[in-house]
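Residue strings, one per chain:
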Number of protein chains: 2
Amino acid sequence: MDTDGTDDTDDTDDMDTDGELTVDAPHRELLDQVLDKWSLSVLNELCGRPCRFNELRRSIPAVTQKSLTATLRRLERNGVIERDVISTRPTAIQYRITPLGKTLRHPVDVLLAWASDNLPAIERARAAFDAQENP
Amino acid sequence: MDTDGTDDTDDTDDMDTDGELTVDAPHRELLDQVLDKWSLSVLNELCGRPCRFNELRRSIPAVTQKSLTATLRRLERNGVIERDVISTRPTAIQYRITPLGKTLRHPVDVLLAWASDNLPAIERARAAFDAQENP
DNA sequence: CAGGATCCCAAACGATACTG
DNA sequence: CAGTATCGTTTGGGATCCTG
């Protein structure tokens, strides 16, 4: 976690001239916690149905146990998923999305829609950039 | 605001019809490029007006020159901002947002709105988690 | 099954120092 | 002014071993 304690007392003009794109430290930190590398995949799975740990691992083959654990802890800490301890013999554990977590779907959906929509344009831009800057 | 009752649509591409390829679409990679640590702040500034390099540095005091350069290059490569070389004596350079970049505003805005909306709930969740797990 | 504990590497980031 | 280059440090992630 980065806590840039060095707040500027010098220049804090966050004046939006033509809109309200308020980007604050808490906002960015929050999005970092919730939109990190594996969160989207996990959220995506848990939106469908509750899953157990190894179920998630199987659903997201590229994730390691360590990263998955870290992701689940982080999401749990932020209140978007919950952890159920089921007292069976080798203690099963189930993760499920919370109501708060469900509200995340729409913003993420909008973002993914944008990505889908503009992926071609962006790949074109990348190709053009790479061609001229790095021949 | 969240009308996700029946929208179970996955915008992540389902390419698991004949195998499990899975996890990552170019979507997540794209979002990583565009929603990284400093991009939102830079975009926010450039949405208002074109800025020069040191102007941006001053607006975003916590960013280092290196990170700012990297961020600008990345955003430029992805076609959301553009670089103007103004041939004055000590070569001024101006960054400005592109039409494509402007389309990013809405998704980001939705996301930031969600963050603003749920920040209190999330901070409560964090406090609760930290209290019980880490006394 | 669900993870904690380690080691280790690679990428990210910050802090100078230097240049056209 | 607008960067590039380099170094040292921090962080995240993967791999592996181990436990309740």
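Residues numbered from 1 in each chain as written. Chains lettered and ligands numbered in written order. Predicted model: local features only at pLDDT ≥ 70, side-chain atom pairs only at ≥ 80, totals over all residues. Heavy atoms only, no water.

Chemist: I tried to follow the overall build of chain A on my own but got confused; where do I start?
Modeler: In terms of regular secondary structure, chain A is built from 6 helices and 3 strands. Overall, chain A shows an N-to-C arrangement of helices and strands of α-α-β-α-α-β-β-α-α. Going through the 135 residues of chain A one by one, you find that 41% of them count as buried. For chain A, restricting intrachain contacts to residue pairs at least 6 apart in sequence, the fraction spanning at least 24 positions comes to 49%. (Helix = DSSP H or I, 4+ residues; strand = E, 2+ residues; numbered from the N terminus. Buried < 20%, exposed > 50% of the residue type's maximum accessible area, 1.4 Å probe, protein only. Contact = heavy atoms within 4.5 Å.)

Chemist: What should I look at first to understand the UniProt feature "domain: HTH hxlR-type" (unreviewed entry) in chain A in this one?
Modeler: Under the UniProt annotation, the feature "domain: HTH hxlR-type" (unreviewed entry) is placed at residues 25-123 of chain A. For the annotated span residues 25-123 of chain A, helix accounts for 65% and strand for 14% of the residues, and the straight-line distance between the end C-alpha atoms is 30 Å. (UniProt positions renumbered as here; feature names shortened; annotations may be inferred.)

Chemist: I'm lost on the packing of helix α2 (residues 39-48) of chain B against helix α4 (residues 65-77) of chain B in this one. Help?
Modeler: All names here are of chain B. Where α2 meets α4, the axes come as close as 10 Å, and the angle between the chain directions of the two elements is 70°. Between α2 and α4, the angle is such that the two are roughly perpendicular. For the pair α2 and α4, contact is made by S39, V42 and L43 and by L68, T71, L72 and L75, respectively. (Axes fitted to C-alpha atoms, helices over the stretch in contact; angles between N-to-C directions. Parallel < 35°, antiparallel > 145°, perpendicular 65-115°, else oblique.)

Chemist: Which parts of the structure should I look at to understand the protein's contact with DNA strand C?
Modeler: If you check the shell around DNA strand C, you find 16 residues, and the closest are N54, R83 and Y95 of chain A together with K66 and S67 of chain B. Among atoms of DNA strand C positioned within 4 Å of the protein, sugar and phosphate together represent 65%. Note that a phosphate oxygen of DNA strand C is positioned 2.6 Å from one of the side-chain N or O atoms of S67 of chain B. A per-element tally of the surface near DNA strand C places helix α4 (residues 65-77) of chain A first, with 4 residues. Across the surface near DNA strand C, the residue classes break down as 3 nonpolar, 7 polar and 6 charged. (Near = heavy atom within 4 Å. Polar contact = N/O pair within 3.5 Å; in protein donor to acceptor, adjacent residues only side chain to side chain. Nonpolar A, V, L, I, M, F, W, Y, C, P; charged D, E, K, R; others polar.)

Chemist: Just checking my understanding: could you explain the sheet that holds strand β3 (residues 92-97) of chain B for this structure?
Modeler: Strand pairing in a sheet relies on backbone hydrogen bonds. The paired strands run either parallel or antiparallel. All names here are of chain B. Here 3 strands make up an open sheet; going across it, the order is β1-β3-β2 and the pairing antiparallel. Either end of the sheet is taken by a strand with one partner, and the two such strands are β1 (51-52) and β2 (81-86). The pairing of β1 with β3 spans 2 bridges and is classified as antiparallel. Looking across to β3, one finds that C51 is bridged to Y95. Lying on the sheet, α2 is in contact with β1, β2 and β3; it crosses β3 at an angle near 95°. With respect to the sheet, α4 is in contact with β2 and β3, its orientation differing from that of β2 by roughly 110°. (Pairing = 2+ DSSP bridges.)

Chemist: Which parts of the structure should I look at to understand the packing of helix α6 (residues 105-133) of chain A against helix α6 (residues 105-133) of chain B?
Modeler: A pair of packed helices is characterised by two quantities: the angle between their axes and the separation of those axes. Between α6 of chain A and α6 of chain B, the shortest axis-to-axis distance is 9 Å and the interhelical angle comes to 165°. As summarised for this structure, α6 of chain A and α6 of chain B are arranged roughly antiparallel, according to the angle between their axes. As for the relative orientation of α6 of chain A and α6 of chain B, their crossing is left-handed in sense. Mapping the contact onto sequence places H106, P107, V108, V110, L111 and W114 of chain A in α6 of chain A and H106, P107, V108, V110, L111 and W114 of chain B in α6 of chain B. Of the residues that constitute the contact of α6 of chain A with α6 of chain B, the class distribution is 10 nonpolar, 2 polar and no charged. (Left-handed = near helix turned anticlockwise from the far one by under 90°.)

Chemist: Any chance you could explain the sheet that holds strand β2 (residues 81-86) of chain A here in plain terms?
Modeler: All names here are of chain A. In spatial order, the strands read β1-β3-β2; together these 3 strands make up an open sheet with antiparallel pairing. Unpaired on one side and paired on the other, β1 (51-52) and β2 mark the two borders of the sheet. Of the strands in this sheet, β1, β2 and β3 (92-97) are in contact with helix α2 (residues 39-48), which crosses β3 at around 95°.

Chemist: Hey, could you run me through the protein's contact with DNA strand D in this one?
Modeler: Close to DNA strand D lie 19 residues; K66 and S67 of chain A together with Q65, R83 and Y95 of chain B are nearest. Counting only the atoms of DNA strand D within 4 Å of the protein, the fraction contributed by sugar and phosphate is 68%. F53 of chain B places a polar main-chain atom, nitrogen or oxygen, 3.4 Å from a phosphate oxygen of DNA strand D. Mapped by element, the contributors of at least two residues to the surface near DNA strand D are α4 of chain A together with α3 (53-59), α4 and β3 of chain B. Here the element with the most residues in the surface near DNA strand D is α4 of chain B; it accounts for 4 residues.

Chemist: Honestly, the nonpolar core in this entry has me stumped. Any pointers?
Modeler: Note on soluble globular proteins: their nonpolar side chains tend to be buried together. Membership of the largest hydrophobic core comes to 61 residues, with the highest contact counts inside it found for L35, L46 and I81 of chain A together with L35, L46 and I81 of chain B. Setting aside its immediate chain neighbours within four residues, I81 of chain B contacts L43, L46, L72, L75, E76, Y95, R96, I97 and T98 of chain B. (Core = buried A, V, L, I, M, F, W, Y, C linked by side-chain atoms within 4.5 Å.)

Chemist: Is there a simple way to think about the pairing of β3 of chain B in this case?
Modeler: Regular strands have side chains that alternate between both faces of the sheet. Residue and element names in this part refer to chain B. As paired strands, β2 and β3 are joined by 6 bridges and run antiparallel to one another. Paired with V85 across the strands is I93, a residue of β3. Where β2 folds back on β3, the antiparallel hairpin that results is connected by 5 residues, among which T91 adopts a positive phi of roughly 35°.

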